[in-house]
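One letter stands for each residue in the lines below.
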Amino acid sequence: MRTVVWVASVIFVLDQITKYWVVQVLDLKRVLSIEVFPPYLNLEMAWNTGINFGAFAGANPWIWIVVALVIVGAVLWWVWTDPHGRWQQISAGLLVGGALGNVIDRLIYGAVADFLNMSCCGFNNPTSFNVADIAVFIGAFGMVIFSSDSKKAA
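Student: Which parts of the structure should I look at to understand unusual backbone geometry?
Tutor: Leave glycine aside and you will find that most residues have negative phi; peptide bonds, for their part, are mostly trans. A cis amide bond links P38 to the next residue, P39, at an omega of -5 degrees. Tracing the backbone through its elements, the reader meets P39 in the loop between β1 (33-37) and β2 (41-48). You will see that D27, though not glycine, has its phi angle at about 55 degrees, which is positive. Along the polypeptide, D27 turns up in the loop between α1 (2-25) and α2 (28-31). Here the phi dihedral of L32 falls at roughly 70 degrees; this positive angle occurs in a residue that is not glycine. Secondary-structure assignment places L32 in the loop between α2 and β1.

Student: Quick question: what am I supposed to make of the sheet that holds β1 here?
Tutor: In spatial order, the strands read β1-β2-β3; together these three strands make up an open sheet with antiparallel pairing. Bordering the open sheet on either side are β1 and β3 (112-117), each of which pairs with just one other strand. Neighbour-to-neighbour, the strand axes of the sheet open up by a mean angle of 30 degrees, direction not taken into account. Alignment of β2 against β3, held across five bridges, turns out to be antiparallel. When the sheet's bridge partners are listed, W47 is paired in β3 with A113. Sheet strands in contact with helix α4 (residues 86-109) are β2 and β3, and its direction is about 120 degrees off that of β3.

Parameters and conventions
- Residues numbered from 1 in each chain as written.
- Predicted model: local features only at pLDDT ≥ 70, side-chain atom pairs only at ≥ 80, totals over all residues.
- Heavy atoms only, no water.
- Helix = DSSP H or I, 4+ residues; strand = E, 2+ residues; numbered from the N terminus.
- Pairing = 2+ DSSP bridges.
- Axes fitted to C-alpha atoms, helices over the stretch in contact; angles between N-to-C directions.
- Contact = heavy atoms within 4.5 Å.

Structure below.
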């Protein structure tokens, strides 16, 4: 569990630092857009009240807070009760840290602060994301890829 807690803590802090820096220090909440390396990487302010890519936007933020906390609890319980390898613990930490980072946004702002926008090769990506979103995606993928199935037939 130490690995899970350590990775989750690092991701949570990194996510919150990047959000504070972009939203408050760079004042993206006011300027809305900053070109970094166009079109590949830009900072585009988006307040996400839904889940991934704004799906179910407009729902009460408490719904998503509860859903995220239930998922965090389930992942922690799973890792605690069924010993997993190091890569799955790292994956669980990524998922937990990212989910908690977005929960804090919903508590503070009522929405998740998304700001990373990447486009390429003639495709103009209309959505933004953040460090927590990346961690949740990679963590969930890793939990599946690195899961141990003790019930596999030999």
